[in-house]
Structures are given as structure tokens and as C-alpha cells.
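Letter by letter, the chains look like this.
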Amino acid sequence: MKFLPKDLSIMSANIKKNMFTKRYKFTVAKIVDDKEIVQEHKYVPGLHNFSNVNLYTSRTHTCNQLRTEDSGKSVILCGWVEYIRLNRFIILRDGYGSTQLIIPENASTELNDFVGKIPLESVLMCHGSVKLRPADEINKNQATGMIEVFVDKLQLLNAVDTKLPFQLRKFNKANESLRLKYRYVDLRYPEMQYNLRLRSKLLMKMREFLINHREFVEVETPTLFKKTHGGAQEFIVPTHEKGKCYSLVQSPQQLKQMLMVGSIDRYFQVAKCYRDEGAKSDRQPEFTQLDIEMSFTDQNGVMLLIEELLSFIWPSELGKINTPFHRMSYEEAMLTYGSDKPDIGRSKKISNWTKYLPSASNEVFALVLKNSENKLSKKQKNDLETLISTNYPGVKFSLLNIKSIKTFKENLQKMFSGIDVTAVVDAHNISEHDFVAIARGSKYKALSALGKINEHFKVDNLCDDRWRFVWIVDFPLFEMDSNQNIQSVHHPFTQPQTEITPNNLLEVKGFHYDLVLNGNEVGGGSIRIHDANLQTKVIESILNIPIETISHLVEALRSGCPPHGGIALGVDRLLSILCNTNSIRDVIAFPKTFEGKDLLTGAPTEITTEDKKRYHLKFDNTQKT
């Protein structure tokens, strides 16, 4: 195709020469007189205030703004050409929506030829007049489907002069790798427009609530910091000083605690955080969290703040959330659902079958899923078995499709000598066509194995409550790692609920709390240790971390530190749930891939010899097998 010049303007044959001057004055009048705009442009509820969105631009309306009451108006629209039909019907789309343009039947041959040569996704400016559509041509699936714009003049602002990697059609969406490589095109999808505009709106409302309604202070903390021992793996940033590096903060944890020492007693920040870990659908190497800290508070105070914050920012189009949120201990969550982030409305409860056995070396737990015999394909069953055996090697488990109650009882008796099979079947109303998962072994590992199965089946269990929030509290403070060393369950700055002694390390609970929404952890926080001696004991004596690595925080605690606590909400994960996306990548403008790569630029890339020399770097390029 021969591409069109970018400054081409074509008028319809029935337009007077002075039309553009009038339109220009019309637009300027709108810009100068804001009151006139507010009066003429009716407010449209949702993400956009259309009375202001056209200020300082050459358009009079967006492509989602015109309605039946605008019939007869002269308008100017700007946007991208989404679709052309019969060289007469043009769908013009911008970041707000789309409008149908009509080329008049008596239009010039020049204009008709022009329309036939416009590449899709080119940028147009349209001058025209709003008309009501005939009743039989109304598009009920389009917000502007009651009207159309008769074209007086088209101006090609920028023609697409390359072959786009994909067309923006809902029915034929490109794969994610291609979309990420050409993200600047992918961002035009209405879903991406909605997601990013909703993100902006929610962040604004978070700031509005915290600053204007709760007197918090927004403080930016550095991202270049000192490497922290323990916790998530951090990115290292070399410096020109030989052998010395920064690290990118995995969270502003220590910095916000020092703000409490400095009397910034109500802090928050929309913080960028970094973790050099394997990516998942709900994780990125860099992510955003709403970070909050308060002095002179307790666990209830922080939880109440978050419930009020979420109620304030919650989009009206997504319904209401019910507060206060349900609270559940870690022990109850694990025993009931096999997970510390349960979907309390759509997960089945786990049963303890140990009582049906005359003797057992390990506890036995089971999950009974009604009428689910054929819900797992052979491949899905194999994948679940592989997942459980890989992550919980010490757990013995069985997945049973019940085709016959008699056969099921016989299998149970073979698995567990002396088990009261009749009591099991009667107590749990087990019948043909049910699916039963059984796990035995170390208590929490066996429960976690069943929790993985629960996650797979939860979609089949209906619940009327759309937004299912729950606080998980009373976490253990410490746990054993795979090498039988003591480590923090969350981080080493959490205040214990009781005194720590050598005999209760694995029993003592911490003042930690996680916020779970629909089976996804969207926030976590704790009341912090503010006593320097206790913090030193936890770091040095219990976790065996050199105290020098955190001496700056300990010294701050000795300088008059108030009791304090806080929380961080995962902005990306929360938005992903609200927008009903499969991945947090769909609510981030320029995300990384599952492997942590930037397909748009090709990063990470090799650096020059000069950079290697400046930062004293030498890479081992030996291929590992």
C-alpha cells in the first residue's frame, strides 16, 4: 500500500471554506471558558470526568463521550482508526472509548479514495456533526451506539507506516510475549486502558484518604540501600568503589522504622520494591506496594485503618465490601483449609480422620469434594501428584475417584489398618461420584498438600460474596528451615506476643497479620520490635545474623523509639484481582516476563568493557551443564 502523507486534510464536498476557522474558534472557546464546558458537557460517572478531559487539546469530545443529547452539535474527535467498513464507516478509538464516523453519501471522490487508503491504527482528527442513528442501527454494545458522527473533514495526523505485529481485535488477541514486546501497541486495548486508569484513580484515592482524612505524611525513601541478611534475595548494584555494592530494597522496612524514631509518626509511601526471585503470575522482580507505618498503635489499630482505607477507595462499579473483615488464626486457617491464604467462601474444609484410626504415627487429613469424580483430567491429576510429591516429599497422599462405595471402603482398609470405614463414610456423607484426597505425614505439610488441591477445586464452589476478605493472625514467630536452622516466618522485626525462651522458639506467636482477598494475599504487616535489646537478641542470638549488618537500626532503636507497627498492601496484586486479570502484568504499564525479562528493550543486556572496568566486574561466561 502506498502510504499517505501525514499532514493530509480532506474535506467533504458539502463543507464551506470557513468551516475550520469556526471549529477552531469553537474549540478555543471551550478551552478559555471552563464554566461553559462544565455546563455543556454532562458528567459521565466512572473513571473519567469528561468536563475537564478535553481542556488544552484540539478535540471537543472524547470518543466515548457523545450521547443522544449531543445530537446536532459540531464536534472534533481525535483517535486511532480501529476499523473501516465499505470505505464509509470508520470506528475511531481513543483511550476512553470509540465512536462511529460516517462518510456522507455525497462526499467527494477524493475523500472516498482517502478513506480507502488509511492504514488501521493511524491517527485521525475528525470534524463533523452528531446525528442520531436509525432505530434499527443502534449498537447496544457500544456506549456511543445511539449516535454517529457525520464527517465534514478528516485530517490524517500520523499514518501507520510499518506493519503492526498484531491488530487490536478482541476475538484474535496476540500471545503475551508479542504483546509485551510491542507494549506501546498493546496499551491501546480497552482492557489495558481501563486497568491503568483504574490504577491511577485508586492510588489517588489512597493518597487522598491518608493525607486529607488521616493526616499521614508521604515520605520517599531511597531504593539504593544496604544488603539485608535473610528474607528475599536482593538485587546487587555495583559501584565504582572496588568491592562495594548497594542493594535495591526489597521493602522500605528498616527505613520506615527509622522514620518512627524521627517522629514522622504517620508515614506512607507508594513504594517501588525489588526482589531477585523467580517470577510467578502474581510476582515481578520490581513491584509496587502501599507502605504504611504508625507510632503508638497496635494490631487492631492497623487493621482498622486498612479496612477504612479500602472502603474509601473501593470503586463503586465493583460493589461494596463488608467491614469489619473476618479474622482467623493461622492455626485455624491451616487446619480448616490447608493454607494461610484461604478463600473462605469458595474452599472446602479439611477433615481430620485421625480419630477413625486405632493408632497412627502421623495425623491423617482428608478433603471430600462432592460430585467431583470427573472434574480432574488424567493430566491434571498427574500434575497435582507431581506438584505435591515435589513440594511435600515426606507426605503420603492419595487421590480417589469414588465409583463405588464398596470399593472405596476396601481401599481405605488397605491404606489404614483398622480404620472405621463406616464411620468415615457416614460422618462425611461420602457417596458415589465424589472425589476424596487423603494426606498423612508432618502436620502442616500434609495440610498444605490438601490446600493445593483445594486451590484447584475452589472455582467450582459457589459463593454469593464477591469480595471475600479475611485477616490471618497469630502466626508463629519462628520456624525450622530445610537445614534445621531457626528462621523468621516473616521478618526478624516482628514483636513477639509472649516472652521468647530457648524452650518456646517454635511455639511463640508474633503480632503479624496478613490480609487475604479471594484466596490471595494482598497485604501483610506487623507490630515491630522497638526495644533494642530484644531486637539484638532476635538477630544475633536466635537467628545467628551478625549484628553489624543491622547496627544502624539497633542504634536507632536505642535513640528513643516509640512502639510502632505497619503494613504493606500489594498494589499490583490488588489491582489484578479488581480487574479480574490472569496476571499482575496486565495492570502494570511495562512489566517483565515470567522469567524477569523486558521484551520491549531486550533487558537485561550485556554491558560494555568500559562499564566492566569502571565497576570492577569480571563475568564468568563458562556454560554450565
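Residues numbered from 1 in each chain as written. Predicted model: local features only at pLDDT ≥ 70, side-chain atom pairs only at ≥ 80, totals over all residues. Heavy atoms only, no water.

A.B. asks: Quick question: what am I supposed to make of the overall build of the chain here?
C.D. replies: When helices and strands are tallied, the chain shows 17 helices and 23 strands. Out of the 625 residues in the chain, the part that is buried amounts to 48%. Long-range contacts, defined here as pairs at least 24 residues apart, represent 67% of the contacts in the chain between residues at least 6 apart. Accessible area of the chain: about 32,100 Å², with a carbon and sulfur share of 50%. (Helix = DSSP H or I, 4+ residues; strand = E, 2+ residues; numbered from the N terminus. Buried < 20%, exposed > 50% of the residue type's maximum accessible area, 1.4 Å probe, protein only. Contact = heavy atoms within 4.5 Å. Areas by Shrake-Rupley, 256 points an atom, 1.4 Å probe, with all protein chains shown as cover.)

A.B. asks: What's the story with the sheet that holds strand E18 (residues 469-473) in this structure? I'm lost.
C.D. replies: Two pairing modes exist for strands in a sheet, parallel and antiparallel, and in both the strands are linked by backbone hydrogen bonds. One open sheet holds the 8 strands; their spatial order is E7-E11-E12-E23-E22-E21-E18-E13, and the pairing between them is mixed. Bordering the open sheet on either side are strand E7 (217-218) and strand E13 (326-329), each of which pairs with just one other strand. As paired elements, strand E21 (residues 512-517) and strand E22 (residues 520-527) share 6 bridges and run antiparallel to each other. From the neighbouring strand, valine 516 faces E22, where its bridge partner is glutamate 521. Sitting on the sheet, helix H6 (residues 190-213) is in contact with E7, strand E11 (266-274) and strand E12 (286-295), with an inclination near 150° to E11. (Pairing = 2+ DSSP bridges. Axes fitted to C-alpha atoms, helices over the stretch in contact; angles between N-to-C directions.)

A.B. asks: Any chance you could explain the packing of helix H9 (residues 330-337) against helix H13 (residues 443-457) here in plain terms?
C.D. replies: A pair of packed helices can be characterised by two numbers: the angle between their axes and the separation between those axes. It is the contact of H9 with H13, at a shortest axis distance of 8 Å, that shows an interaxial angle of 60°. Put simply, H9 runs oblique to H13. As for the relative orientation of H9 and H13, their crossing is left-handed in sense. Contacts between H9 and H13 involve Tyr330, Glu331, Met334, Leu335 and Tyr337 from the former and Lys443, Tyr444, Leu447, Ser448, Gly451 and Asn454 from the latter. Each residue belonging to the contact of H9 with H13 can be placed in one class, and the counts come to 6 nonpolar, 3 polar and 2 charged. (Parallel < 35°, antiparallel > 145°, perpendicular 65-115°, else oblique. Left-handed = near helix turned anticlockwise from the far one by under 90°. Nonpolar A, V, L, I, M, F, W, Y, C, P; charged D, E, K, R; others polar.)

A.B. asks: For this particular structure, what's the right way to read helix H8 (residues 299-313)?
C.D. replies: Since the α-helix turns once every 3.6 residues, residues separated by three or four places project in the same direction. End to end, H8 covers 22 Å across 15 residues, agreeing with the expected 21 Å (1.5 Å per residue, within 8%). One side-chain oxygen at the N-terminal end of H8 lies 3.3 Å from the backbone nitrogen of asparagine 300; it belongs to aspartate 298. (Expected span 1.5 Å × (residues − 1). Polar contact = N/O pair within 3.5 Å; in protein donor to acceptor, adjacent residues only side chain to side chain.)

A.B. asks: Honestly, the environment of threonine 60 in this entry has me stumped. Any pointers?
C.D. replies: Here threonine 60 shows up in the loop between helix H2 (34-40) and strand E2 (74-85). For the pair threonine 60 and isoleucine 76, spaced 16 residues apart in sequence, the C-alpha to C-alpha distance is 5.2 Å. A distance of 2.8 Å separates a polar atom in the side chain of threonine 60 from the backbone nitrogen of isoleucine 76.

A.B. asks: Would you take a moment to explain the nonpolar core for this structure?
C.D. replies: Grouped together as the largest cluster of nonpolar side chains are 42 residues, with contacts concentrated most on Ile292, Leu309 and Leu310. Those elements that place two or more of their residues in this core are H6, E12, H8, E18, E21, E22, strand E23 (564-570) and helix H16 (571-578). Top element by residues in this core is H8. It accounts for 7 residues. Judged by nonpolar contacts, the second largest core, of 28 residues, contains Ala333, Phe365, Leu369 and Leu447. (Core = buried A, V, L, I, M, F, W, Y, C linked by side-chain atoms within 4.5 Å.)

A.B. asks: Got a minute to help me understand a nonpolar patch on the surface in this structure?
C.D. replies: Together, Tyr184, Phe590 and Leu600 make up a nonpolar patch on the protein surface, roughly 300 Å² of accessible area in all. Within the element layout of this structure, leucine 600 appears in the loop between H16 and helix H17 (609-614). (Patch = residues over 30% accessible without salt bridge, like charges linked within 9 Å, V, L, I, M, F, W, Y side chains within 5 Å. Salt bridge = Lys/Arg side-chain N within 4 Å of Asp/Glu carboxyl O.)

A.B. asks: Is there a simple way to explain unusual backbone geometry in this structure?
C.D. replies: Working note: non-glycine residues mostly have negative phi, and peptide bonds are mostly trans. Between threonine 323 and proline 324 the backbone carries a cis peptide bond, its omega angle lying at -5°. Tracing the backbone through its elements, the reader meets proline 324 in the loop between H8 and E13. The backbone phi angle of aspartate 474 is positive, close to 60°, even though this residue is not glycine. Note on aspartate 474: relative accessible area 27%, which makes it partly exposed. The phi dihedral of asparagine 544 falls on the positive side, at around 55°, and the residue is not glycine. Tracing the chain through its elements places asparagine 544 in the loop between helix H14 (532-542) and helix H15 (551-557). Given a relative accessible area of 62%, asparagine 544 falls into the exposed group.

A.B. asks: Just to check I follow, could you spell out the packing of H6 against H8 for this structure?
C.D. replies: Orientation of H6 relative to H8, taken along the N-to-C sense of each, is 130°, at an axis distance of 9 Å. Here H6 is positioned oblique relative to H8, judged by the angle of their axes. In the packing of H6 onto H8, the handedness of the crossing is right-handed. Contacts between H6 and H8 involve Leu202, Lys205, Met206, Glu208, Phe209, Leu210 and His213 on the former and, on the latter, Leu305, Glu308, Leu309, Phe312 and Ile313.

A.B. asks: For this particular structure, what's the right way to read the pattern of salt bridges?
C.D. replies: Two side chains bearing opposite charge may form a pair once their charged atoms approach each other closely. One pass over the structure, following the stated rule, counts 23 salt bridges. A salt bridge links glutamate 293 to lysine 256; its shortest N-O distance comes to 3.5 Å. With glutamate 293 in strand E12 and lysine 256 in helix H7 (residues 253-261), this pair connects stretches of sequence that are 37 residues apart. For the pair glutamate 293 and lysine 256, one class covers both residues: buried. Aspartate 383 is paired through a salt bridge with lysine 379; the nearest N and O atoms lie 2.9 Å apart. With aspartate 383 and lysine 379 both in helix H10 (residues 378-391) and 4 residues apart, the pair spans about one turn of that helix. For aspartate 383, a relative accessible area of 40% puts it in the partly exposed group. Residue class for lysine 379 comes out exposed when judged on its relative accessible area of 59%.

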